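Residue strings, one per chain:
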Amino acid sequence: LQFACLDASLAMKPVFEKFRTVILTSGTISPLNFYPKMLDFKPKILKSFDMTMSRDLICPLIVTKGSNHTSLSSKFEEREDTQVIKNYGNLLVEVCSLIPDGIVCFFTSYRFMEDIVLRWNEMNILNKVLEHKLLFIETKDVAQTSIALDNFRRACDIGRGAVFFSVARGKVAEGIDFNGHYGRAVLMYGIPFQYTLSKILRVRLDYLRENYGINEADFLNFDAMRQCAQCVGRIIRSKQDYGVMIFADKRYTRNDKKEKLPKWIKDQILSHDTNLSTDVAIKKIDSFLRELAQPFKHNPKFLYDEHRIEQINKERMEKTSQDGENVIPSGDSKPTATETVEGAVVQDQVMAE
């Protein structure tokens with residue numbers, strides 16, 4: 001006998017009843033219109049913010065084919081293809097030879113990861129990876145995974161570099177950060193869909209369709225892309241972090257997938273970076289890393305320019321003057337940019353959705 005909650009709104013209901021105002025914010029809440037349906041509330045404001053960066057610090061690329069132009073996909077019908085597996089491996093080898101420090105690879109399931117690692121070993125691909133970096137693998141054993149993570153970090157700290165193989169929806173994908181030199185690149189092998197033959201998932205899909213009008217395909221795509229965003233977001237944990245995000249599956253070019261990525265990732269994907277072969281992607285990564293290596297003068301960025309700040313202050317003083325309040329301080333001092341309307345100025349802050 002197994003119990004499962006089919007309605008996420010039950011967990012949020014006490015919060016909405018207790019507080020008049022509730023703010024839901026995260027870097028992976030996308031698309032926004034899904035959450036009011038699933039959590040059963042009517043939002044007053046739906047807003048997705050840009051990420052404020054001094055320069056482009058992430059390089060998201062959609063790699064759809066190998067250097068021999070064989071399509072890349074983790075679809076069940078294609079994942080056993082020798083050319084697909086070989087091209088996935090060659091992509092990893094090329095990335096390891098170019099990118100320093102730590103690299104994280106996410107697979108759609110433990111079974112897929114185990115199968116592809118065995119095939120890579122037979123093809124001598126793992127030995128080629130080990131020429132550049134050490135290799136560590138997440139397992140279902142929590143203690144072994146913790147030891148692997150510690151050794152992975154140690155290898156990055158001493159300059160040897162390392163690769164960590166992990167699984168979407170696993171322990172690492174859900175809560176381990178690869179900030180700084182621990183995560184200079186992340187590879188997402190395939191799209192992490194749930195196992196569609198799961199009885200619990202089938203019941204939940206029926207429940208969402210009957211009660212909230214959410215059809216099966218929309219929910220499965222939403223859930224998969226949310227997991228994908230959580231995985232690739234492991235390497236960007238502060239405004240100092242930078243890294244490469246590789247979406248290795250031809251299906252990421254489709255709008256029903258790409259449009260469900262968070263705005264801060266989606267806005268960085270250029271139109272000519274959505275259908276790349278391995279060799280072209282490597283050239284783009286090399287260019288990205290070379291650009292970041294150049295001297296850079298940091299110029300603080302504000303959400304509002306000086307003209308808009310002065311306009312806001314003027315409007316505030318006019319409004320408070322009409323209310324009969326003395327808002328002009330003694331002397332000739334004027335409010336500075338960082339003393340203006342609360343929340344109007346945020347300097348170099350990553351604004352999450």
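The paragraphs below set out a description of the structure included in this document. Keep in mind that this is a model prediction, so the values were computed, not measured.

## As for empty space enclosed by the protein
Then, in step 1: Counted by the stated rule, this structure contains one cavity of 30 Å³ or more.
Then, in step 2: Reported here for the largest cavity is a volume of approximately 30 Å³.
Then, in step 3: Taken together, R79, E80, I85, F112, D115 and I116 make up the lining of the largest cavity.
Then, in step 4: Looking at which element gives the most residues to the lining of the largest cavity, the answer is helix α4 (residues 110-122), with three residues.
Then, in step 5: Residue composition of the lining of the largest cavity, by class: three nonpolar, no polar and three charged.

## Points about the environment of R154
Then, in step 1: Tracing the backbone shows R154 in helix α6 (residues 142-157).
Then, in step 2: For R154, a relative accessible area of 49% translates into the label partly exposed.
Then, in step 3: Each C-alpha atom, one on R154 and one on Y182, is 9.6 Å from the other, the two residues being 28 residues apart in sequence.

## Regarding the environment of F76
Then, in step 1: Here F76 shows up in the loop between β1 (58-65) and α3 (82-98).
Then, in step 2: In this structure the C-alpha to C-alpha distance between F76 and F112, which are 36 residues apart in sequence, comes to 9.6 Å.

## Some remarks on the packing of aromatic side chains
Then, in step 1: Under the counting rule described, the total for this entry stands at 16 aromatic pairs.
Then, in step 2: With a centroid separation of 5.8 Å and 65 degrees between ring planes, the pair formed by W120 and Y189 is classed as edge-to-face. In this pair, W120 sits in helix α4 while Y189 sits in strand β5 (residues 185-189), placing the two residues 69 residues apart along the sequence.
Then, in step 3: Owing to a relative accessible area of 0%, W120 belongs among the buried residues under this scheme.
Then, in step 4: By way of ring pairs, the aromatic residues Y88, F107, F112, W120, F165 and Y189 are connected into one cluster.
Then, in step 5: Cation over ring: K37 sits above F34, and NZ or CZ is 6.0 Å from the ring centre.
Then, in step 6: The ring of F112 is capped by R79, whose NZ or CZ atom sits 4.7 Å from the centre of that ring.

## Quick look at the sheet that holds strand β4 (residues 162-167)
Then, in step 1: Strands sit in the order β3-β4-β2-β5-β6-β1-β7 across an open sheet of seven strands; the sheet is parallel. The outermost strands of the open sheet, each flanked by one partner alone, are β3 (134-137) and β7 (276-277).
Then, in step 2: Looking at chain direction, β1 and β7 are connected through two bridges and run parallel. If you follow V63 over to β7, its bridge partner there is L276.
Then, in step 3: In the packing of α3 onto the sheet, contacts are made with β2 (102-107), β4, β5 and β6 (243-248), and the angle to β5 comes to roughly 180 degrees.

## Quick notes on a nonpolar patch on the surface
Then, in step 1: On the surface, a nonpolar cluster with roughly 230 Å² of combined accessible area is contributed by F19, V22 and L24.
Then, in step 2: Along the chain, F19 falls in the loop between α1 (9-18) and α2 (34-39).
Then, in step 3: Overall, the relative accessible area of 45% leaves F19 in the partly exposed class.

## Remarks on the pattern of salt bridges
Then, in step 1: For the coordinates displayed, the defined rule picks out 17 salt bridges.
Then, in step 2: Measuring nitrogen to oxygen at the nearest pair gives 2.9 Å for the salt bridge that ties D206 to R209. With D206 and R209 both in helix α8 (residues 199-212) and three residues apart, this pair spans about one turn of that helix.
Then, in step 3: Taking the relative accessible area as the measure of exposure, D206 reaches 31% and is therefore partly exposed.
Then, in step 4: A salt bridge links K257 to D256; its shortest N-O distance comes to 3.1 Å.
Then, in step 5: For K257, a relative accessible area of 3% puts it in the buried group.

Cut-off values and rules
- Residues numbered from 1 in each chain as written.
- Predicted model: local features only at pLDDT ≥ 70, side-chain atom pairs only at ≥ 80, totals over all residues.
- Heavy atoms only, no water.
- 1 Å grid on protein atoms, 1.4 Å probe; cavity = no way out; pocket = protein on both sides within 12 Å on 5 of 7 lines; lining within 4 Å.
- Points joined across faces, edges and corners; volume = space filled by probe spheres on them.
- Helix = DSSP H or I, 4+ residues; strand = E, 2+ residues; numbered from the N terminus.
- Nonpolar A, V, L, I, M, F, W, Y, C, P; charged D, E, K, R; others polar.
- Buried < 20%, exposed > 50% of the residue type's maximum accessible area, 1.4 Å probe, protein only.
- Phe/Tyr/Trp six-rings, centres within 6.5 Å; stacked < 30°, edge-to-face > 60°.
- Lys NZ or Arg CZ within 6 Å of the ring centre and 35° of its normal.
- Pairing = 2+ DSSP bridges.
- Contact = heavy atoms within 4.5 Å.
- Axes fitted to C-alpha atoms, helices over the stretch in contact; angles between N-to-C directions.
- Patch = residues over 30% accessible without salt bridge, like charges linked within 9 Å, V, L, I, M, F, W, Y side chains within 5 Å.
- Areas by Shrake-Rupley, 256 points an atom, 1.4 Å probe, with all protein chains shown as cover.
- Salt bridge = Lys/Arg side-chain N within 4 Å of Asp/Glu carboxyl O.

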